[in-house]
Amino acid sequence: MRVALRPWLDLVRAPAALTVLGDTVAGAVAAGRPLRGRRLALPLASVALYWSGMALNDWADRDVDALERPERPIPSGRIAPGPALAAAAGLGATGLALAGLAGGADALRIAVPLTAAVWAYDTVLKPTPAAPLGMAACRGLDVLLGAGSGHWRAAGVPALALATHTLGVTALSRGEVHGGRPADTRLALAATAATTLLTGAGRAASARHRTAAALCALGYAATTGTAQLATAPARPTPAEPDRTAAEPGRTAAAVRTATVAGIHGMLPLQAGLAARRGSLPAAALVLAALPLARRLSARRSPT
């Protein structure tokens, strides 16, 4: 029997996986532990765990999606809830197995809490005010996975940077369907500003590394911040004094655009963190995935 691939690619938001690969790269560079040999499996472990979370997300949200996003694989009937949950579990187990293969117990001490955090977010935290913090914890742990439990302190700043960025993006993304609150725009912009500063924190390996990191940070701030600014409510004009009242908060379309920009913003952010901590080749490799991520996202939504 032929299995249709497209619904499964939609379920796991396949293109967005390109924005996950750089997490472990940034963590590994910060810890001085290059991804060589078996450790090359760590980015693949991150992808498997990310896809697991996406599948679990749709399984947990299937009733809400039936009303708000009926085109998604489960409410549209293209994938049944049972197989979606099985895929989430299988991908989670694959991620743990890859982490164990890559780094043994040292990696599993991070991968197991990361997997638990992913499942906690999707099944418990997502509808609560703690959702942005839960997702931020997932991303920070993913960076630490690249460093390993024995070197996690060295990757503390990159992990905090990715977590802070994720906090803002997640808070903003809650308005993708119905629009959201101006407070979420302010939080997202503050997170982007703080993340930009964190990208430049710490001693750089050289002036070249410092310059490359600064350019990546500026690119990140410009693209992510500009999209987030567009979600702010329009100011009333003399000709349209009630415009803000008629359109409270942000439009859902602007929030979706900003969310996608925030997802893609992970790549220049990861590249900047890797560059400042001493690996221009790693930074270039991560940044090279950005055009492909954008191209694929035009075909299949990463949100």
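Our subject in this report is the structure included herewith. (Residues numbered from 1 in each chain as written. Predicted model: local features only at pLDDT ≥ 70, side-chain atom pairs only at ≥ 80, totals over all residues. Heavy atoms only, no water.)

So, about the overall build of the protein. Of the regular secondary structure elements, the protein holds 13 helices and 0 strands. Ordered by position from the N terminus, the helices and strands of the protein form the series α-α-α-α-α-α-α-α-α-α-α-α-α. For the protein, the spread of C-alpha atoms along the three principal axes comes to 60 × 55 × 30 Å. In the protein, buried positions account for 50% of the 303 residues. If you take every contact in the protein between residues at least 6 apart in sequence, the share linking residues at least 24 apart comes to 77%. Just so you have it, the protein exposes about 13700 Å², and 67% of that area is on carbon and sulfur atoms. (Helix = DSSP H or I, 4+ residues; strand = E, 2+ residues; numbered from the N terminus. Buried < 20%, exposed > 50% of the residue type's maximum accessible area, 1.4 Å probe, protein only. Contact = heavy atoms within 4.5 Å. Areas by Shrake-Rupley, 256 points an atom, 1.4 Å probe, with all protein chains shown as cover.)

This part covers the pattern of salt bridges. What the rule picks out here adds up to 11 salt bridges. Overlapping salt bridges bring together Arg 13, Asp 58, Asp 65 and Arg 72 as one network. (Salt bridge = Lys/Arg side-chain N within 4 Å of Asp/Glu carboxyl O.)

In contact at an axis separation of 8 Å, helix α12 (residues 266-276) and helix α13 (residues 280-299) are set at 175 degrees when each is read in the N-to-C sense. By the angle between their directions, the pair α12 and α13 is classed as roughly antiparallel. From α12, Leu 267, Pro 268, Gln 270, Ala 271, Ala 274 and Ala 275 reach across to α13, where they touch Leu 280, Ala 282, Ala 283, Val 286, Leu 287, Ala 289, Leu 290 and Ala 293. Across the contact of α12 with α13, the residue classes break down as 13 nonpolar, 1 polar and no charged. (Axes fitted to C-alpha atoms, helices over the stretch in contact; angles between N-to-C directions. Parallel < 35°, antiparallel > 145°, perpendicular 65-115°, else oblique. Nonpolar A, V, L, I, M, F, W, Y, C, P; charged D, E, K, R; others polar.)

All right, on to the packing of helix α9 (residues 207-229) against helix α11 (residues 252-264) then. Running from N to C, α9 and α11 point in directions that differ by 165 degrees, and their axes come no closer than 8 Å. As the angle between them shows, α9 and α11 are arranged roughly antiparallel. In the packing of α9 onto α11, the handedness of the crossing is left-handed. From α9, Thr 223, Thr 224, Ala 227 and Gln 228 reach across to α11, where they touch Ala 258, Ala 261 and Gly 262. By residue class, the composition of the contact of α9 with α11 is 3 nonpolar, 4 polar and no charged. (Left-handed = near helix turned anticlockwise from the far one by under 90°.)

We now examine the nonpolar core. By size, the foremost hydrophobic cluster in this structure holds 47 residues, and its most contacted members are Leu 114 and Leu 145. At the level of secondary structure, the elements contributing two or more residues to this core comprise α2 (21-31), α3 (41-60), α5 (81-125), α6 (131-147), α7 (156-173), α9, α12 and α13. Sorting elements by how many residues they give to this core places α5 first, with 8 residues. If we skip the residues at most four places from it in the chain, Leu 114 touches Leu 49, Cys 138, Leu 141, Asp 142 and Leu 145. Membership of the second largest hydrophobic core comes to 10 residues, among which are Val 12, Ile 74, Ala 88 and Leu 91. (Core = buried A, V, L, I, M, F, W, Y, C linked by side-chain atoms within 4.5 Å.)

A few words on the environment of Ala 137. Along the chain, Ala 137 turns up in helix α6. Residue Ala 137 is classed as partly exposed on the basis of its relative accessible area, which comes to 36%. In sequence terms Ala 137 and Ala 26 are 111 residues apart; their C-alpha atoms lie 16 Å from each other.

Inspection of the entire model under this criterion finds 0 aromatic pairs. A cation sits over an aromatic face here: Arg 62 above Trp 59, 4.6 Å from the ring centre. (Phe/Tyr/Trp six-rings, centres within 6.5 Å; stacked < 30°, edge-to-face > 60°. Lys NZ or Arg CZ within 6 Å of the ring centre and 35° of its normal.)

Structurally, Thr 199 can be placed in helix α8 (residues 182-199). Exposure remark for Thr 199: the relative accessible area of 1% places this residue in the buried category. Every residue in contact with Thr 199, bar those within four places of it in the chain, is listed here: Ala 213, Ala 217, Leu 269, Gly 272, Leu 273, Arg 276 and Arg 277.

We now examine α13. The end-to-end C-alpha distance of α13 is 30 Å, a good match for the 28 Å that 20 residues give at a rise of 1.5 Å each. At Pro 291, α13 shows its strongest bend, of approximately 25 degrees. Here α13 has its buried residues at Ala 282, Ala 283, Val 286, Ala 289, Leu 290, Ala 293 and Ser 297. Residues of α13 that are buried make contact with α2, α11 and α12. (Expected span 1.5 Å × (residues − 1). Bend = angle between axes of the 7 residues up to and from the residue.)

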